[in-house]
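One letter stands for each residue in the lines below.
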Amino acid sequence: MILILDFGSQYTQLIARRVREANVYCEIHPYNFAIDKIRALKPRGIILSGGPSSTYDDDAPDISDEVLRLGCPVLGICYGLYIIAQHLGAKSVSSRAREYGPATLTIDEPDPLFEGLAGKEHRVWMSHGDRVEALPDSLQPIAHSGHSPFAAFRTYDGRMRAIQFHPEVVHTPCGAQVLRNFVLKICGEAGDWTMANFVQTKTAEIRSQVGATDRVLMALSGGVDSAVAAALIYRAIGPRLKCVFVDTGLSRAGERERMERVFARQRGVDLKVIDASTLFVERLAGVLDPETKRKIIGATFIDVFESEEVVGGARFLGQGTLYPDVIESVSFKGPSAVIKSHHNVGGLPERMKLELIEPLRLLFKDEVRALGHELGLPSEIVDREPFPGPGLAVRIVGEVTRERLDLLRRADAIVMEEISRDGFGARLWQAFAVLLPLKTVGVMGDGRSYESTIAVRAVESQDGMTADWARLPPDFLARLSSRITNETKGVNRVVYDITSKPPATIEWE
Ligand code: XMP
């Protein structure tokens, strides 16, 4: 494995992505990860990430010399470059002029890091304030850029390397190759970390964690993560996995049937469907505040789950936690500010005295999709768009009632149908309908109408953190609008949301 020590760069996850794309397993840990834990991981190489600090700051993050003395190859990126420079006695200065944006890197010495790159000059992305002014005898310069006389250097024994630019971002076209070279050529990784391998090692691990007789309980949400986690656990322990789908009454059209078809009928998984829709709708009656809705839904979910009937003697609770959630909670920066409280079953394991089993906690979303395909799950499950835990409740602005849920479900089904018919799905992060607490006047036939408004939201995004509204063709929007008003009783107006994130969020609540 390759260990990435995080100094707080916003790009650290991207370094991990690039390493994984080279089929090499890696983990991110905070820069001050204990040395004995690092030793236990037996890394074949260490990458020191960038970070927002300057080594001149009073509380500048640093690593112990022991990390550099472990013996495996080390690559310092940006702030990581200064760490190596400082530990080896290089002279750097803090300059007020930041070098930010594209730059040209000129390679002065051949190095395995640059193997396979055509020519000596390469476009790279820089983002730094300090710069290294002089190298001690132990370090050899290998590349420079306009602003940085030592944009890349190495120790003479070739064990440590440092680069000023960011190889992990798309603005450095040769960057993926540089990182591949580091992990494959310099660290000697085999590049054989594939999903087929992952299934093999993970199922063996699950079997040994669960033992020969114990049972695992897993809540299917309808989303990709819990579905893939369940399929993996099922592959490991078969019928000792028990799945539960809580029908909250807040899901999109056809959700419950899809789960029953794919899991129970096609695979023979023991799936229990609990219809708790009445309870959810009752508890949401009269609630208008988005955060209160989210909290009520989370708490109700736990209540439903806590009933003896569901647990049925299970010792473990499966969860579809992904790597970004894990990094978020352990990272250098700590968890970011809560904009919306996400609904999950956090708190459940302690209350129910169940041990957690989280087979996806080291994977990124696209890896989870690849794993889903590897496990033979259908595309209708694996490639679906994200859906919020609190479901349609946060797409109904104002009070949630059964009638309003039914109305939104119908309008939303039309959006889903039209999007998939025109094949826009691949381009979009999400597309859905929102029901507004707003009646407006319309005219239908000869009569006046006074009915509800549906907003359509369709966004493009890489990761859901930022998003842009999709420029869907006017003819397509016209068809959506006329189908929604014609086929959804109670709706006489459709509007299209043309706000990016930020300033708006993707979901309306
Ligand atoms: P926002 O609305 O914050 O959404 O821009 C970003 C992405 O997260 C999804 N989302 C959720 N996912 N539980 C989830 O698992 C939730 O409570 C939740 N709320 C929002 C949203 O659909 C979008 O893709």
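Anything mentioned here points back to the structure above.
Predicted, not measured: the structure shown is a model, and the values here were computed from it.

### Details of the pattern of salt bridges
Inference 1: Counted according to the given criterion, the structure contains 38 salt bridges.
Inference 2: Here Glu487 ties to Arg483 by a salt bridge, and the two come within 2.8 Å at their closest N and O atoms. Linking Glu487 with Arg483, this pair stays in helix 17 (residues 474–487), spanning four residues, or about one helical turn.
Inference 3: The class of Glu487 is partly exposed, set by a relative accessible area of 40%.
Inference 4: Among the ionic contacts, a cluster of salt bridges with common partners joins Glu417, Glu418, Arg421, Asp422, Arg479, Arg483 and Glu487.

### Notes on the packing of helix 9 (residues 277–284) against helix 10 (residues 290–306)
Inference 1: Interaxial distance between helix 9 and helix 10 falls to 10 Å at its minimum, and their mutual angle equals 145°. For the element pair helix 9 and helix 10, the recorded crossing hand is right-handed. Residues Leu279, Phe280, Arg283 and Leu284 of helix 9 pack against Lys293, Ile296, Ile297, Thr300, Phe301, Asp303 and Val304 of helix 10.
Inference 2: Residue composition of the contact of helix 9 with helix 10, grouped by class: seven nonpolar, one polar and three charged.

### Quick word on the side chain of Glu189
Inference 1: On the secondary structure map, Glu189 appears in the loop between helix 5 (175–186) and helix 6 (195–210).
Inference 2: Those residues in contact with Glu189, other than ones at most four positions away along the chain, are Met1, Ile2, Val24, Arg44, Val183 and Leu184.

### Let's talk about the environment of Ala118
Inference 1: Structurally, Ala118 is set in the loop between strand 5 (91–107) and strand 6 (121–134).
Inference 2: Exposure remark for Ala118: the relative accessible area of 70% places this residue in the exposed category.
Inference 3: In this structure, the C-alpha to C-alpha distance between Ala118 and Cys174, residues 56 residues apart in sequence, is 9.4 Å.

Conventions and cut-offs
- Residues numbered from 1 in each chain as written.
- Predicted model: local features only at pLDDT ≥ 70, side-chain atom pairs only at ≥ 80, totals over all residues.
- Heavy atoms only, no water.
- Salt bridge = Lys/Arg side-chain N within 4 Å of Asp/Glu carboxyl O.
- Helix = DSSP H or I, 4+ residues; strand = E, 2+ residues; numbered from the N terminus.
- Buried < 20%, exposed > 50% of the residue type's maximum accessible area, 1.4 Å probe, protein only.
- Axes fitted to C-alpha atoms, helices over the stretch in contact; angles between N-to-C directions.
- Left-handed = near helix turned anticlockwise from the far one by under 90°.
- Contact = heavy atoms within 4.5 Å.
- Nonpolar A, V, L, I, M, F, W, Y, C, P; charged D, E, K, R; others polar.

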